[in-house]
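# Geometric and topological summary
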Amino acid sequence: MKKVWLLFWILVSSITLAEMLFSNIQNRATKASYQTVEPPLQPEIEYKSYTLPQSVVHTLLIPKTSRFSVKPIVSPTLELVENIARKHQAFAAINGGFFDPMNQKTTSIVIREGALIADPKLNERFINNPKNAPYLEKMLNRSELRRYICGGTISYDINLRNEPIPDSCRLVDALGGGPTLLPELGLVPEGFADVANGRVIRDVLLSNQLNARTAVGITVDGSLLWVMVAQKPENPTTSGMSLPELAKFMKSLGVEKAMNLDGGSSSSFYYKGQTFYGKVDNKGNWVKRPIKSVLLVF
């Protein structure tokens, strides 16, 4: 009888031990399953401000990730950058391409979702201006920021208007500006400047003078960098950046390709409810100029 009871207790103990081991295995498996489904951390948008001897530079780094959407917007009428941003519920905005304040029509191309929504060819003051006639072919082939979808992946590039779209890619958005800043300055090829007999006969952007400036660049890893150079109110006529200085500054931040946008009085930057302007008047007051097109971050 004692042997029967002994065998009974051995059997019960074995079953209990097996249940405990099975329970521990289940717990470890459950914990492991939770660990494997944790999403990877995604990089955040990064705003920075640089105080330099002759300017204050505002930058926004937008990581190359599907979490963020950067799109161009054209306003039917000229509006302040913050008004456009709030209207479209964007948390960041920067002024975009060139326009004619007289007729409020664009002089830079804009494509949105594959559709041409702003065409400088439809601006008669731009097309028929006799000063533009010798340079019109170059002016219609200026640089633009492009957003592609290539095999389901979003990518950005800066190209001249007439450069072909890469194979297996679809052009979604484009915002024209110019000139190209990096890898090299494209003032003459894009019709912004001209030289004859060793003398500058055309420089519509006053490229070597200090001024408020706006630009967009693409870093080594494919992220976007927005840059807005603001003058200093205490030095309204001797502050800002030249275009060569702007190119050098952006290169120091790891930018490989860069393009100038409309600058001067148009320079404006909106981020999380706060607006920064770039141009100051002779009394040191910020110039708040309504603009035609912007880049928005959603």
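Before any of the text, the structure's been laid out above.
Quick caveat: nothing in here was measured; it's all calculated off a predicted structure.

The next point concerns the sheet that holds strand β18 (residues 268-271). The five strands are arranged β3-β20-β4-β18-β19 in an open sheet whose pairing can be described as antiparallel. A single partner strand is all that each edge strand has here, and the edge strands are β3 (70-79) and β19 (274-277). On average, each strand axis in the sheet is inclined to that of its neighbour by 20°, with strand direction left out of account. The pairing of β18 with β19 spans four bridges and is antiparallel. Looking at β19, one finds that Tyr270 is bridged to Thr275.

What follows covers a nonpolar patch on the surface. Judged by side-chain polarity, Val188, Val195 and Val200 come together as a nonpolar surface patch covering roughly 240 Å² of accessible area. Within the element layout of this structure, Val188 appears in the loop between β12 (180-182) and β13 (193-196). For Val188, a relative accessible area of 34% translates into the label partly exposed.

Let us now look at the pattern of salt bridges. What the rule picks out here adds up to 10 salt bridges. Where Glu113 meets Lys71, a salt bridge forms, and the shortest distance between an N and an O atom there is 3.4 Å. Taken together, the residues Glu113 in the loop between β7 (110-112) and β8 (115-118) and Lys71 in strand β3 connect sequence positions 42 residues apart. A relative accessible area of 18% means that Lys71 is categorised as buried. The network of salt bridges with shared partners includes Glu144, Arg146 and Arg161.

Tallying each qualifying case throughout the model produces seven aromatic pairs. Geometrically, the ring pair formed by Tyr47 and Phe269 is tilted, given 6.0 Å between the ring centres and 45° between the ring planes. Of this pair, Tyr47 sits in strand β1 (residues 46-52) while Phe269 sits in strand β18, and the two are 222 residues apart along the sequence. Residue Tyr47 is classed as partly exposed on the basis of its relative accessible area, which comes to 26%. A residue is classified by how much of its surface remains accessible, and Phe269, at 0% relative accessible area, is buried. Measuring from centroid to centroid gives 5.5 Å for Tyr47 and Tyr271, while their planes differ by 20°, and the two rings are stacked. Within this pair, whereas Tyr47 is found in strand β1, its partner Tyr271 is found in strand β18, the two being separated by 224 residues in sequence. Ring pairs connect the aromatic residues Tyr47, Phe91, Phe269, Tyr271 and Phe276, which therefore count as one cluster. It is Arg142 that lies over the ring of Phe192; its NZ or CZ is 3.6 Å from the centre.

Attention now goes to the state of the cysteines. Summed over the entire model, instances satisfying the criterion amount to one disulfide. The residue that forms a disulfide with Cys150 is Cys169, at a sulfur-sulfur distance of 2.0 Å. One disulfide, between Cys150 and Cys169, carries an S-S torsion of 115° and so falls in the right-handed class. Of this pair, Cys150 sits in strand β9 (residues 143-150) while Cys169 sits in strand β11 (residues 169-176), and the two are 19 residues apart along the sequence.

Conventions used here
Residues numbered from 1 in each chain as written. Predicted model: local features only at pLDDT ≥ 70, side-chain atom pairs only at ≥ 80, totals over all residues. Heavy atoms only, no water. Pairing = 2+ DSSP bridges. Helix = DSSP H or I, 4+ residues; strand = E, 2+ residues; numbered from the N terminus. Axes fitted to C-alpha atoms, helices over the stretch in contact; angles between N-to-C directions. Patch = residues over 30% accessible without salt bridge, like charges linked within 9 Å, V, L, I, M, F, W, Y side chains within 5 Å. Areas by Shrake-Rupley, 256 points an atom, 1.4 Å probe, with all protein chains shown as cover. Salt bridge = Lys/Arg side-chain N within 4 Å of Asp/Glu carboxyl O. Buried < 20%, exposed > 50% of the residue type's maximum accessible area, 1.4 Å probe, protein only. Phe/Tyr/Trp six-rings, centres within 6.5 Å; stacked < 30°, edge-to-face > 60°. Lys NZ or Arg CZ within 6 Å of the ring centre and 35° of its normal. Disulfide = S-S within 2.5 Å.

What is shown is where atoms sit, not what they do.
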